[in-house]
Amino acid sequence: MNKTILLIFIFFISLTSYSQIKDTIKLEELKILTSNNKVNHIKTKGKLSSFTGNIIKSIVSKIDEIPSGKLSTIKFFFNRSDLFFIKDNNKSDYKDVELGLLIYNAKDDGTPGELLTDKVIRFVLHSKKQGTIQLDLKPLFLNTSKTMFFGIELLNKQIGKDLKIMTKCNGENSKLLFLKTWNNKDWLFSNIPCGMKIDLGIVSTN
């Protein structure tokens with residue numbers, strides 16, 4: 001009888017552990033992209049800039065006029081100087097940072113709406129990684145909408161200048177960048193004409 005109870009207990013522990021694993025997806029950086037389908041790329045535009053800050057928990061940027069298709073890749077830009085010929089004085093401060101990928105649809109008022117991923121999607125930005133990190137989105141099987149938000153969530157609070165997030169800024173940007181802080185669970189509109197520097201790859205379904 002005791003052996004039976006023990007086996008049942010082990011079964012439920014195993015089932016719980018399996019469920020937790022299924023709730024998290026770890027995406028690897030995409031080294032080489034090969035596909036039989038043509039990938040269209042949308043890139044945010046403007047003058048290169050950057051920011052960092054210990055208060056930041058999550059950050060997303062709006063992308064408009066997305067063509068119909070399926071999400072294929074996304075490229076974020078981190079940890080570099082705003083101008084390639086100027087030395088990055090923060091280079092020695094960067095740390096390995098575990099990040100979560102965020103993808104939202106848009107509400108009618110142009111703010112982030114529903115989170116489109118039903119699992120925690122994690123990837124690691126390594127301290128020595130400078131420039132870009134590209135993720136393969138095909139395993140998520142997500143269709144595009146005309147307007148969507150893309151960004152990142154920090155899984156641990158920064159203790160310094162752990163990373164630098166590269167942005168694109170221009171006067172035409174409106175309601176583009178939204179933040180969440182560690183003290184506020186609501187999205188805050190940044191009111192600056194900037195958004196994350198992003199390269200979004202889409203496979204057309206037409």
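In this report, we go over the structure that sits alongside the text. Remember, it's a predicted structure, so these values are computed and weren't measured experimentally.

## A few points about the nonpolar core
Next up, step 1: Ranked by size, the top nonpolar core spans 32 residues in total, and within it Ile-74, Phe-76, Phe-78, Leu-101, Phe-150, Ile-152 and Leu-200 carry the most contacts.
Next up, step 2: Breaking this core down by element, the ones donating at least two residues are strand S4 (56-63), strand S5 (69-78), strand S6 (97-106), strand S8 (120-125), strand S9 (131-136), strand S10 (148-154), strand S12 (177-181) and strand S15 (198-204).
Next up, step 3: Membership of the second largest hydrophobic core comes to six residues, among which are Val-60, Leu-102, Tyr-104 and Phe-149.

## Regarding the pattern of salt bridges
Next up, step 1: Inspection of every chain in the model, using the stated rule, returns five salt bridges.
Next up, step 2: One salt bridge connects Arg-122 with Glu-98, and the closest N-O pair in it is separated by 3.7 Å. Of the two residues, Arg-122 is situated in strand S8 and Glu-98 in strand S6; the sequence distance between them amounts to 24 residues.
Next up, step 3: For Arg-122, a relative accessible area of 28% puts it in the partly exposed group.
Next up, step 4: Of the residues examined, Glu-98 reaches a relative accessible area of 25% and is grouped as partly exposed.
Next up, step 5: Ionic pairing is found between Lys-138 and Asp-136, a salt bridge with its closest N-O pair at 2.9 Å.
Next up, step 6: With a relative accessible area of 33%, Lys-138 lands in the partly exposed category.

## What to know about unusual backbone geometry
Next up, step 1: Even without being glycine, Asn-79 reaches a positive phi, approximately 50°.
Next up, step 2: One can find Asn-79 in the loop between S5 and S6.

## Thoughts on the packing of aromatic side chains
Next up, step 1: Tallying each qualifying case throughout the model produces five aromatic pairs.
Next up, step 2: Summarising the aromatic geometry, the rings of Phe-76 and Phe-78 are spaced 6.3 Å apart at their centres and angled 55° between planes, so their arrangement reads as tilted. The pair Phe-76 / Phe-78 is uniform in exposure class, with both members buried.
Next up, step 3: The interplanar angle of 90° and the centroid separation of 5.5 Å between the aromatic rings of Tyr-104 and Trp-187 together place this pair among those described as edge-to-face. On the criterion of sequence distance, the pair formed by Tyr-104 in strand S6 and Trp-187 in strand S13 (residues 184-189) is long-range, its members being 83 residues apart.
Next up, step 4: Relative accessible area serves as the criterion here: at 8%, Tyr-104 is assigned to the buried category.
Next up, step 5: The cationic tip of Lys-57 hangs over the ring face of Trp-182; the distance from NZ or CZ to the ring centre is 5.1 Å.

Criteria and thresholds
- Residues numbered from 1 in each chain as written.
- Predicted model: local features only at pLDDT ≥ 70, side-chain atom pairs only at ≥ 80, totals over all residues.
- Heavy atoms only, no water.
- Core = buried A, V, L, I, M, F, W, Y, C linked by side-chain atoms within 4.5 Å.
- Buried < 20%, exposed > 50% of the residue type's maximum accessible area, 1.4 Å probe, protein only.
- Helix = DSSP H or I, 4+ residues; strand = E, 2+ residues; numbered from the N terminus.
- Salt bridge = Lys/Arg side-chain N within 4 Å of Asp/Glu carboxyl O.
- Phe/Tyr/Trp six-rings, centres within 6.5 Å; stacked < 30°, edge-to-face > 60°.
- Lys NZ or Arg CZ within 6 Å of the ring centre and 35° of its normal.

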